[in-house]
There are 2 protein chains.
Amino acid sequence: MNAVNDLPSTFDASRKSWIESANDPLGDFPIQNLPFGIFSDRDNDTRRVGVAIGDQIVDLAALQAAGLLSVPAPNVFARDALNDFIALGRDVWRSVRIQLSRLLACDTATLRDDAALRATVLVRAADARLHLPVQIPGYTDFYSSKEHATNVGSMFRDPKNALLPNWSEMPIGYNGRASSVVVSGTPVRRPNGQLKLPDQERPVFGACRKLDIELETGFIVGAGNALGEPIACEDAEAHIFGMVLLNDWSARDIQQWEYVPLGPFNAKTFATTISPWVVTLDALEPFRIAQPVQEPQPLAYLRHRGEHAFDIHLEVTLRAPHARQASTIARTNFKHMYWTMAQQLAHHTVAGCNTRVGDLMGSGTISGPTEDSYGSLLELTWNGKKPLELKEGGTRTFIEDGDELSLVGWCQGDGYRVGFGACTGEILPALA
Amino acid sequence: MNAVNDLPSTFDASRKSWIESANDPLGDFPIQNLPFGIFSDRDNDTRRVGVAIGDQIVDLAALQAAGLLSVPAPNVFARDALNDFIALGRDVWRSVRIQLSRLLACDTATLRDDAALRATVLVRAADARLHLPVQIPGYTDFYSSKEHATNVGSMFRDPKNALLPNWSEMPIGYNGRASSVVVSGTPVRRPNGQLKLPDQERPVFGACRKLDIELETGFIVGAGNALGEPIACEDAEAHIFGMVLLNDWSARDIQQWEYVPLGPFNAKTFATTISPWVVTLDALEPFRIAQPVQEPQPLAYLRHRGEHAFDIHLEVTLRAPHARQASTIARTNFKHMYWTMAQQLAHHTVAGCNTRVGDLMGSGTISGPTEDSYGSLLELTWNGKKPLELKEGGTRTFIEDGDELSLVGWCQGDGYRVGFGACTGEILPALA
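Residues numbered from 1 in each chain as written. Chains lettered and ligands numbered in written order. Predicted model: local features only at pLDDT ≥ 70, side-chain atom pairs only at ≥ 80, totals over all residues. Heavy atoms only, no water.

Under an unreviewed UniProt entry, chain A has the name fumarylacetoacetase and belongs to Paraburkholderia podalyriae. Regarding chain A, the UniProt comment filed under Pathway (unreviewed entry) reads as follows: "Amino-acid degradation; L-phenylalanine degradation; acetoacetate and fumarate from L-phenylalanine: step 6/6." (UniProt positions renumbered as here; feature names shortened; annotations may be inferred.)

This is the structure:
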């Protein structure tokens, strides 16, 4: 195992790869990133673990089989989900990161100068199909953007008391539906459900008329906790493997009618899309910054010293059917989030709830302070009152059939970006 | 495979077993029941599938290995969960039921007269340890008792408009936490959390002071559905493998502070207990009765012809620390439920949500029409205002440390009962 002392070298902004595409300053996958995912390709439809680098994917199953990757578990990358690898623990994630960073660096000849070996362990991303990166035992969604909670409270409750009293005391969260989490690129069918129209006494059944996105990130639990044994806030980040982009598709009309008193259900369970590459917390380390000041000071179990926010630029694009170009409809940043991931995990477990490797925890909609930084159409159009203008003409209040929505995000380094790739879904018409 | 035409013979009230304890008219596990579970025992700590019969467990792994059980999958009972067996489909569940009913019937000599074989395939229940019967990919909890919803609405909202308008239109449900579902007998630690005391502006952190049960049943999904392909109400029962008792432990004080607007979270996720034996829907068939009249008539997607309720008598007992006897604190019946399991499953999937084999769906608290038929201490003591008297002295408003709570339930046949066994948990003190 490599010394964890070598970890800082993997962040070195000047490190370049012999894979030239990885050195594109606007690319998502430089040598400083090395995110993990599950892929298959045209020549080999077996799913296995890969790492994105430039326009290539490193096949870790092949790399381990070739004896070029030291990991204390045989064939742990020849799997259809990252869970078994993640379960090996943080020292192993870090060791693999360090080994890959060395192997892919300009001055390492092992792969660079061996065309036959390269052909065995590298797959062009364009030839690959990406799959759900983890088997997700549990999915939880939080509600941790103050701006989002304030906007929603203003619209549906009381603008003067938009934030409920519990919001400032805890990272409010709820259980999501893990079965319907899908990977970027999976088409999403517009849901049917009960709609309560203002002019009718009883609900009608029909296709959602207010289909929306929620721009979120999600983190993947890397080390769980036993039932009855909470994770302390100071320890929580060590339990996190990495992050993805997450689109918490939402049927606003279904939600508004069903959500009292037990929370959203069918309005959310029809699909949740995540990006295919899990960017490790280690790769995000250089982009750590201070979280917003929390006032009132949280209760003791929610306190942590130091900086626990991350500077991740986020954008949402909408491509209308037949449009050549997508319109950017929102730009925001993960750093605006009031509650940190560590606080979310500490709160989730404080009553005794156990978590498991692969659990997905959504951030909640990420809205910034300005009107163009909101993370949902609900907020961007103020519940349909202010339609958005699209680049090639036309407007949107909510999502129409055939629209393709994408989330993208990256951390801006010095001459490079640590990016997430896209989190995309196209809307299919509702079932008749 | 046996003809499904033989299924009715397995319900025959006059059928007796050569296992004498199975013929006790007050026993839970007569030959008409044959529930499935996972067990290990003193001589063999490998978990495998068993069927309860009287005071014995039939080891299905051993029975299949001995060539006495015809199933189209080798070693499917040598597993630590029922999922692989369940995934074989309803025809196989029924075939196994028919084969077991014959093997265990008085007039079948195969096992009855072969002591060596009996020693191989029968384990005394007293020597066995029971485990979680299914690996649960997803847990959903409904809220389908009109009496319970009315009671809660009266206490916390408005007695005059206790039932929210959406309640009569759909089986309200929410996503639960699958990771913390435990099997009967698992001790449950009192949760810590945020409590909002009436005389203080900010919440305090501490041990739950209003710990409660919720008397529920749960059903196990036997055949899932693909994302975007709803299950029709008329077809829904064919997707259900069987039922268990379910205690949805609830921290009322944590719940009251946290649940707005996204529903209960830490108040519920610390533990949910289920009974170890899954009683198949086939075993419950003779106890099918008409559901309550639904007014207004549900929307078309929630309509089904025929009878879809089941007559299951339910009781809750509380045993105080050091008490010799438990006090029965509630008696009710599953037949009071307003929304049927079929309607719950149709609603769950109508927007496109997929379900998977082993998914657990809780009924919601089962409260009857009378004050002694309520399914929670919240209702039985009317939020602590009317303490319950215990049999050996003392009173209870909510659960105290060391209390053991049990749910039991059975269907009353002619000279026999189809029972569920107990769903029990003892409360440990909160972490300091």
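Chemist: Looking at this structure, I do not really get the overall build of chain A. What am I missing?
Modeler: On a plain count of helices and strands, chain A comes out with eleven helices and 27 strands. Relative to a compact globule of 432 residues, whose C-alpha radius of gyration would be 22 Å, chain A shows 22 Å and is just as compact. Going through the 432 residues of chain A one by one, you find that 63% of them count as buried. Of the contacts made within chain A by residues no fewer than 6 positions apart, 71% connect residues no fewer than 24 positions apart. Counting every atom, chain A has about 15,600 Å² of accessible surface; 49% of that belongs to carbon and sulfur. (Helix = DSSP H or I, 4+ residues; strand = E, 2+ residues; numbered from the N terminus. Rg over C-alpha atoms; globule rule 2.2 N^0.38 Å. Buried < 20%, exposed > 50% of the residue type's maximum accessible area, 1.4 Å probe, protein only. Contact = heavy atoms within 4.5 Å. Areas by Shrake-Rupley, 256 points an atom, 1.4 Å probe, with all protein chains shown as cover.)

Chemist: For this particular structure, what's the right way to read the UniProt feature "domain: Fumarylacetoacetase N-terminal" (unreviewed entry) in chain A?
Modeler: Within this numbering scheme, the UniProt entry marks residues 32-133 of chain A as carrying the feature "domain: Fumarylacetoacetase N-terminal" (unreviewed entry). Helix makes up 35% of residues 32-133 of chain A and strand 26%. Its end C-alpha atoms lie 20 Å apart.

Chemist: What's the story with the state of the cysteines in this structure? I'm lost.
Modeler: By definition, a disulfide links the sulfur atoms of two cysteines through a covalent bond. According to the stated counting rule, one finds zero disulfides over all chains in the structure shown. Unpaired in this structure, Cys411 of chain A has its nearest cysteine sulfur neighbour in Cys423 of chain A, at a distance of 16 Å. (Disulfide = S-S within 2.5 Å.)

Chemist: How do you make sense of the sheet that holds strand β2 (residues 44-53) of chain A when you look at a structure like this?
Modeler: Strands pair in a sheet through their backbones, by hydrogen bonds, and they do so in one of two ways: parallel or antiparallel. All names here are of chain A. Spatial ordering of the open sheet is given by β4-β3-β2-β1-β5, a layout of five strands whose pairing is antiparallel. The sheet is open, and its two edges are formed by β4 (122-124) and β5 (128-131), each paired on a single side. Recorded for the sheet is a direction-independent mean angle of 45 degrees between the axes of neighbouring strands. Relative to strand β3 (residues 56-59), β2 runs antiparallel, the two being bridged by four bridges. Bridge pairing in β3 links Ile53 to Gln56. (Pairing = 2+ DSSP bridges. Axes fitted to C-alpha atoms, helices over the stretch in contact; angles between N-to-C directions.)

Chemist: I would appreciate a short explanation of the relation of the copies chain A and chain B in the present structure.
Modeler: One copy of the chain maps onto the second through a rotation around an axis plus a translation along that axis. The two copies are related by a screw motion: chain A maps onto chain B through a turn of 180 degrees and a shift of 0.0 Å along the axis, at an RMSD of 0.0 Å. This pairing of chains is accounted for by a two-fold axis. Relative to the rotation axis, the C-alpha of Gly263 of chain A is the closest in chain A, positioned 2.2 Å from it. The overlap is high: 100% of the interface residues of chain A also sit at the interface in chain B, so the same surface is used on both sides. (Least-squares fit on C-alpha atoms with pLDDT ≥ 70 in both.)

Chemist: Sorry if this is basic, but what is going on with empty space enclosed by the protein here?
Modeler: In this approach the atoms are scanned with a rolling probe the size of a water molecule, which exposes any empty space left behind. Summed over the entire model, instances satisfying the criterion amount to twelve cavities of 30 Å³ or more. By volume, the largest cavity is sized at about 130 Å³. Lining the largest cavity are 18 residues, with Gly176 and Ala178 of chain A together with Pro137, Gly138 and Gly176 of chain B sitting closest to its centre. Of the residues in the lining of the largest cavity, the class split is six nonpolar, eight polar and four charged. (1 Å grid on protein atoms, 1.4 Å probe; cavity = no way out; pocket = protein on both sides within 12 Å on 5 of 7 lines; lining within 4 Å. Points joined across faces, edges and corners; volume = space filled by probe spheres on them. Nonpolar A, V, L, I, M, F, W, Y, C, P; charged D, E, K, R; others polar.)

Chemist: Even after reading the chapter, I still don't get the side chain of His131 of chain A, so can you show me in this structure?
Modeler: Residue and element names in this part refer to chain A. Secondary-structure assignment places His131 in strand β5. At a separation of 3.4 Å, a polar atom in the side chain of His131 contacts the side chain of Arg47. Among all residues touching His131, those that are not within four sequence positions of it are Ile38, Phe39, Ser40, Arg47, Val183 and Pro276. (Polar contact = N/O pair within 3.5 Å; in protein donor to acceptor, adjacent residues only side chain to side chain.)

Chemist: Would you mind showing me how to read the pattern of salt bridges here?
Modeler: Two side chains carrying opposite charge are able to pair once their charged atoms lie near each other. Following the criterion strictly, the structure yields 46 salt bridges over all chains and no others. Measuring nitrogen to oxygen at the nearest pair gives 3.7 Å for the salt bridge that ties Arg396 of chain A to Glu400 of chain A. The exposure class assigned to Arg396 of chain A is buried, which follows from its relative accessible area of 6%. With a closest N to O distance of 3.0 Å, Glu214 of chain B and Lys268 of chain B form a salt bridge. Of this pair, Glu214 of chain B sits in the loop between β12 (211-212) and β13 (215-221) while Lys268 of chain B sits in helix α8 (residues 266-269), and the two are 54 residues apart along the sequence. Just as Glu214 of chain B is buried, Lys268 of chain B falls in that class too. Here the residues in one salt-bridge network are Asp212, Glu214, Asp248, Arg252 and Lys268 of chain A, joined through shared partners. (Salt bridge = Lys/Arg side-chain N within 4 Å of Asp/Glu carboxyl O.)

Chemist: Got a minute to help me understand the interface of chain A and chain B in this structure?
Modeler: Interface size is often expressed as the accessible area that is lost when the parts come together. Residue-level contacts link 61 residues of chain A with 61 residues of chain B. Sorting the residues of chain A by area buried against chain B places Arg177, Leu262 and Phe265 of chain A first, and these three jointly supply 15% of that buried surface. Counting the contacts that link chain A with chain B gives four salt bridges. Of the charged contacts in the structure, one is a salt bridge between Arg202 of chain A and Glu169 of chain B, with a shortest N-O distance of 2.8 Å. Linking chain A with chain B are 25 residue pairs in polar contact (both at pLDDT 80 or more), by the criterion used here. Listed by contribution, the elements that provide at least two residues to the side of chain A that touches chain B are β6 (139-142), β7 (173-175), β10 (192-195), β11 (204-207), α7 (252-258), α8 (266-269) and α10 (341-349) of chain A. A class-by-class count of the residues in the side of chain A that touches chain B yields 33 nonpolar, 20 polar and eight charged. (Buried area = accessible area lost by both parts, 1.4 Å probe.)

Chemist: How should the sheet that holds strand β4 (residues 122-124) of chain B be read in this particular structure?
Modeler: Residues and elements named next belong to chain B. Across the sheet, five strands lie side by side as β4-β3-β2-β1-β5; this open sheet has antiparallel pairing. Edge positions in the sheet fall to β4 and β5 (128-131), since each of these pairs with one other strand and no more. This sheet shows a mean twist of 45 degrees between the axes of neighbouring strands, independent of strand direction. In the sheet, strand β1 (residues 36-41) pairs with β5 via four bridges, with the strands oriented antiparallel. In the strand pairing of β5, Phe39 is matched with Leu130.

Chemist: Explain α10 of chain A here, please?
Modeler: It helps to recall that an α-helix has 3.6 residues per turn; residues three or four apart then point in one direction. Within α10 of chain A, nine of the nine residues are buried, leaving the element largely enclosed by the surrounding structure. Among all positions in α10 of chain A, only Met341, Ala342, Gln343, Gln344, Leu345, Ala346, His347, His348 and Thr349 of chain A are buried.

Chemist: Looking at this structure, I do not really get the UniProt feature "domain: Fumarylacetoacetase-like C-terminal" (unreviewed entry) in chain A. What am I missing?
Modeler: Annotation from UniProt places "domain: Fumarylacetoacetase-like C-terminal" (unreviewed entry) at residues 139-407 of chain A. For the annotated span residues 139-407 of chain A, helix accounts for 14% and strand for 27% of the residues, and the straight-line distance between the end C-alpha atoms is 19 Å.

Chemist: I would appreciate a short explanation of the packing of aromatic side chains in the present structure.
Modeler: Between two aromatic rings, the relevant description is the distance of the centres plus the angle of the planes. Taken as a whole and assessed by the stated rule, the structure comprises 22 aromatic pairs over all chains. Between Phe36 of chain B and Phe85 of chain B the ring centres are 5.0 Å apart and the planes differ by 35 degrees, which places this aromatic pair in the tilted class. In this pair, Phe36 of chain B is assigned in strand β1 and Phe85 of chain B in helix α2 (residues 83-86), connecting sequence segments 49 residues apart. Here Phe36 of chain B matches Phe85 of chain B in class, with each residue buried. Among the aromatic side chains, those forming a connected cluster through ring pairs are Phe36, Phe77, Phe85, Trp93 and Phe241 of chain A. Above the plane of the ring of Trp410 of chain B lies Arg417 of chain B, whose end atom (NZ or CZ) is 3.9 Å from the centre. (Phe/Tyr/Trp six-rings, centres within 6.5 Å; stacked < 30°, edge-to-face > 60°. Lys NZ or Arg CZ within 6 Å of the ring centre and 35° of its normal.)

Chemist: Before we go on, may I ask you to explain the pairing of strand β25 (residues 404-412) of chain B in this structure?
Modeler: It is a general feature of regular strands that their side chains alternate between the two faces of the sheet. Residue and element names in this part refer to chain B. Taken together, the seven bridges between strand β20 (residues 313-319) and β25 define a ladder with antiparallel strand orientation. The partner of His313 across the bridge, within β25, is Trp410. Of the strand pairs in this sheet, β25 and strand β27 (residues 423-428) are connected by four bridges, and their pairing is antiparallel. Paired with Ser406 across the strands is Thr424, a residue of β27. Across three bridges, β25 lies against strand β26 (residues 417-419) in antiparallel orientation. The partner of Gln412 across the bridge, within β26, is Arg417. Between β25 and β26, which follow one another and run antiparallel, lie four residues, and Gly415 among them has a positive phi close to 90 degrees.

Chemist: What is the right way to look at the environment of Thr46 of chain A in this model?
Modeler: Residue and element names in this part refer to chain A. Residue placement: Thr46 occurs in strand β2. For the pair formed by Thr46 and Phe270, sequence separation is 224 residues and the distance between their alpha carbons is 28 Å. When sequence neighbours within four positions are dropped, the list of residues in contact with Thr46 reads Phe39 and Ser40.

Chemist: Is there a simple way to explain the side chain of Glu237 of chain A in this structure?
Modeler: Residue and element names in this part refer to chain A. The residue Glu237 is located in the loop between β13 (215-221) and β14 (240-247) in this model. When its relative accessible area of 13% is taken as the criterion, Glu237 is described as buried. A polar contact of 2.7 Å, which involves the side chain of Glu237, links it to the side chain of Arg288. A distance of 2.8 Å separates the side chain of Glu237 from the side chain of His308, its partner in a polar contact. Contacts of Glu237, omitting those with residues within four sequence positions, involve Leu281, Arg288, His308, Phe310 and Ala342.

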